[in-house]
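Examination of the molecular architecture
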Amino acid sequence: MTQQTLRQKLEILADAAKYDASCASSGTAKKNSLGGKGVGSTEGMGICHAYAPDGRCISLLKLLLTNHCIFDCHYCINRKSSNVARARFTPQEVVDLTLNFYRRNYIEGLFLSSGIVKSANHTMEQMVEVARILREEHDFRGYIHLKTIPEADAEIIHEAGLYADRVSINVELPTRAGLTRLAPDKDETQIEGAMGRTRARIIEAKDERKRFRHAPRFAPAGQSTQMIVGADDANDTAIIGKASRLYGSFGLRRVYYSAFSPIPDASAVLPLKRPPLLREHRLYQSDWLMRFYGFAPGEVADAAEADGNLPLDIDPKLAWALKFRASFPVDVNRAAKEQLLRVPGLGTQAVGRILAARRHRTLRLDDVARLTASIAKVRPFICTLDWRPTLLTDRADLRGLLAPKQEQLELF
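Conventions used here
- Residues numbered from 1 in each chain as written.
- Predicted model: local features only at pLDDT ≥ 70, side-chain atom pairs only at ≥ 80, totals over all residues.
- Heavy atoms only, no water.
- 1 Å grid on protein atoms, 1.4 Å probe; cavity = no way out; pocket = protein on both sides within 12 Å on 5 of 7 lines; lining within 4 Å.
- Points joined across faces, edges and corners; volume = space filled by probe spheres on them.
- Helix = DSSP H or I, 4+ residues; strand = E, 2+ residues; numbered from the N terminus.
- Axes fitted to C-alpha atoms, helices over the stretch in contact; angles between N-to-C directions.
- Parallel < 35°, antiparallel > 145°, perpendicular 65-115°, else oblique.
- Left-handed = near helix turned anticlockwise from the far one by under 90°.
- Contact = heavy atoms within 4.5 Å.
- Nonpolar A, V, L, I, M, F, W, Y, C, P; charged D, E, K, R; others polar.

Quick word on empty space enclosed by the protein
Taken as a whole, the largest cavity spans an internal volume of roughly 40 Å³. Lining the largest cavity are Val171, Leu173, Thr175, Arg176, Leu179, Glu188, Ile191 and Lys242. Those elements giving two or more residues to the lining of the largest cavity turn out to be helix H5 (176–182) and helix H6 (188–211).

Shown next, in the form of structure tokens:
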């Protein structure tokens, strides 16, 4: 067999990592190498781009340690039975790549995942070794995200959390039935057990840091997970319910949604077509409604159509408002923050501006227009000193009026 060059390995394993969406780096502790100590930073500008809550662009080297795998998950391009080019890094090669890319100002951190080679424990030990060398031998202070393997021993996953800013375990599919059918080597109880132990250790480490200043950190940026959308027959209502339970049970920072993408030599049990990418977008919007807008999972599910899927032509908040028109119009001068957050077209920042402005004056429609991105979507659901929507809120064709217009793009 021809020996692969480092560049060839990088081409194969960087491309293989593109299917993992859960690489955002928000929420980690701020570290830097000012003063001449250490290498790297979690701050500032920097081949994978993620965005922190304050808008900073974080560039990460996103790799698989190997795309060899002893599992045969039907939806995975790196499954055991897949006919793809294979490659494998040594831990030292990943370390060298990370440091070289950082010194060229290409990246600010590392996102490392892997197929399972030999065993879950062996693979996890190799990934932990990458993080250990970076932290202990090179004093690397940049961001590290390790994708952990739930089948690995708890002690190894614990060690991963001591070196990584964030750890994550993919739940893969929304339902137990889907996981059993499409990923027979994986077990939902085992996955959630690993997530539960990680959460307990994160809480324990935070408590230790309060009592002992130099207590070790454990995954300070928390843990996340990812679900594949459209590989099985789970509808959006089931996915929303699963995400809500994961947030509540395991204190996750993020649930990521990844639209299923057809793969070469696919199994006959997989769908022939990928779901619309807009479906993935609607799920992220529903996720935001639960996390930042005070919507309960059941309320978000109420926005779904008869088939249990969210409408694609309008966003979930507008879909909910159209179904529950009795909750509107909302008086922007008197309504509580919770009511304003349910108005279609009002984001959290716009609501904050309205609350601040109405302390000093009674708001008119023009005032609201200046505080929001677009007043057209907001008008049917609010009233101000000089505006009431009267029958506009109850119009039968309101959905058509507010739905984004479909435009044919031009090539030239």
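As for the layout of surface pockets
Roughly 760 Å³ of volume is contained in the largest pocket. Residue lining of the largest pocket: 40 residues in total, with Asp20, Tyr75, Cys76, Asn170 and Glu172 positioned closest to the centre. Of all the elements in the fold, those that place two or more residues in the lining of the largest pocket are strand E6 (223–229), strand E7 (254–259) and helix H8 (277–292). Broken down by element, the residue count for the lining of the largest pocket peaks at three residues, all from E7. Surrounding the second largest pocket, 14 residues form its lining, Gln285, Leu289, Tyr293, Asp315 and Lys317 being those nearest its centre. Of all the secondary-structure elements, those providing two or more residues to the lining of the second largest pocket are H8 and helix H10 (316–323). The leading source of residues in the lining of the second largest pocket is H8, at five residues.

Here's the deal with the packing of helix H3 (residues 120–138) against helix H4 (residues 154–163)
Packing of H3 against H4 leaves a shortest axis separation of 9 Å and a crossing angle of 25°. Classified by the interaxial angle, the pair formed by H3 and H4 is roughly parallel. Classified by chirality, the crossing of H4 by H3 is left-handed. Contact residues: Asn121, Met124, Glu125, Val128, Ala131, Arg132, Arg135 and Glu136 in H3; Ile156, Glu159, Ala160 and Tyr163 in H4. Looking at side-chain class alone, the contact of H3 with H4 contains six nonpolar, one polar and five charged residues.

Describing unusual backbone geometry
Omega for the bond connecting phenylalanine 328 with proline 329 falls within 30 degrees of zero, at 0°, which places this linkage in the cis form. Note on placement: proline 329 falls in the loop between H10 and strand E8 (330–331). Backbone geometry at asparagine 105 places phi at a positive 65°, although glycine is not the residue there. By the element assignment, asparagine 105 lies in the loop between helix H2 (91–103) and strand E3 (109–113). We note that alanine 219 has phi near 40°; this positive angle belongs to a residue other than glycine. Checked against the element boundaries, alanine 219 lands in the loop between H6 and E6.

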